Amino acid sequence: MKNAMKDMMKGIALGILSVAAVIAGQMALAGVAGFQTAELAGGTVLAVLFYSLLFRSYRKRREAKAERNA
């Protein structure tokens, strides 16, 4: 139970840091290439992060189910 909670907190912290890094990158890119380009790049990165989270959670659930059945 402790390991699951620890893993969950690590995931939350990693997610917060990822979003903060995207925002920082958007701010830097907005100064160099313009707001619209920065918004497009930031939105694309956030979409990739979101879908990778979905695929990772699906894979973990499938592996846990296979482990329980074995």
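As a starting point, this report considers the structure included with it. (Residues numbered from 1 in each chain as written. Predicted model: local features only at pLDDT ≥ 70, side-chain atom pairs only at ≥ 80, totals over all residues. Heavy atoms only, no water.)

A tally of helices and strands in the chain yields two helices and zero strands. In terms of its C-alpha atoms, the chain occupies a principal-axis envelope of roughly 55 × 20 × 10 Å. Of the roughly 6200 Å² of accessible surface on the chain, 68% is carried by carbon and sulfur atoms. One finds the centroid of the 10 positive side-chain charges in the chain at a distance of 6 Å from the centroid of its 4 negative side-chain charges. (Helix = DSSP H or I, 4+ residues; strand = E, 2+ residues; numbered from the N terminus. Areas by Shrake-Rupley, 256 points an atom, 1.4 Å probe, with all protein chains shown as cover. Lys, Arg positive; Asp, Glu negative; His and termini not counted. Charge placed at Lys NZ, Arg CZ, Asp CG, Glu CD.)

A separate point is helix α1 (residues 2–33). Between its terminal C-alpha atoms α1 stretches 46 Å, which fits the 46 Å expected from 32 residues at 1.5 Å a residue. At the exit of α1 stands Gly 34, carrying a positive phi of roughly 110 degrees. (Expected span 1.5 Å × (residues − 1).)

Take the packing of aromatic side chains next. For the coordinates displayed, the defined rule picks out one aromatic pair. Ring centres 5.4 Å apart and planes at 65 degrees place the aromatic pair Phe 50 and Tyr 51 in the edge-to-face group. Given a relative accessible area of 46%, Tyr 51 falls into the partly exposed group. (Phe/Tyr/Trp six-rings, centres within 6.5 Å; stacked < 30°, edge-to-face > 60°. Buried < 20%, exposed > 50% of the residue type's maximum accessible area, 1.4 Å probe, protein only.)

Take the pattern of salt bridges next. Applying the stated criterion across every chain, the model contains one salt bridge. In this structure, the salt-bridge partner of Arg 59 is Glu 63, at a minimum N-O distance of 3.9 Å. Of this pair, Arg 59 and Glu 63 both sit in helix α2 (residues 35–69), four residues apart, roughly one helical turn. (Salt bridge = Lys/Arg side-chain N within 4 Å of Asp/Glu carboxyl O.)

Here we come to a nonpolar patch on the surface. The grouping of Val 19, Ile 23, Met 27, Val 45, Leu 46 and Leu 49 at the surface amounts to a nonpolar patch, some 490 Å² of accessible area in total. When contributions to the nonpolar patch are tallied by element, the ones reaching two or more residues are α1 and α2. Here Leu 46 shows up in helix α2. (Patch = residues over 30% accessible without salt bridge, like charges linked within 9 Å, V, L, I, M, F, W, Y side chains within 5 Å.)

Running from N to C, α1 and α2 point in directions that differ by 160 degrees, and their axes come no closer than 7 Å. The angle between the axes of α1 and α2 places the two elements in the roughly antiparallel class. The hand of the α1/α2 crossing is right-handed. On the side of α1, the interface is formed by Ser 18, Val 19, Val 22, Gln 26, Leu 29, Ala 30 and Ala 33, while α2 contributes Phe 35, Thr 37, Ala 38, Glu 39, Ala 41, Gly 42, Gly 43, Val 45, Leu 46 and Leu 49. The residue inventory of the contact of α1 with α2, partitioned by class, reads 11 nonpolar, five polar and one charged. (Axes fitted to C-alpha atoms, helices over the stretch in contact; angles between N-to-C directions. Parallel < 35°, antiparallel > 145°, perpendicular 65-115°, else oblique. Left-handed = near helix turned anticlockwise from the far one by under 90°. Contact = heavy atoms within 4.5 Å. Nonpolar A, V, L, I, M, F, W, Y, C, P; charged D, E, K, R; others polar.)

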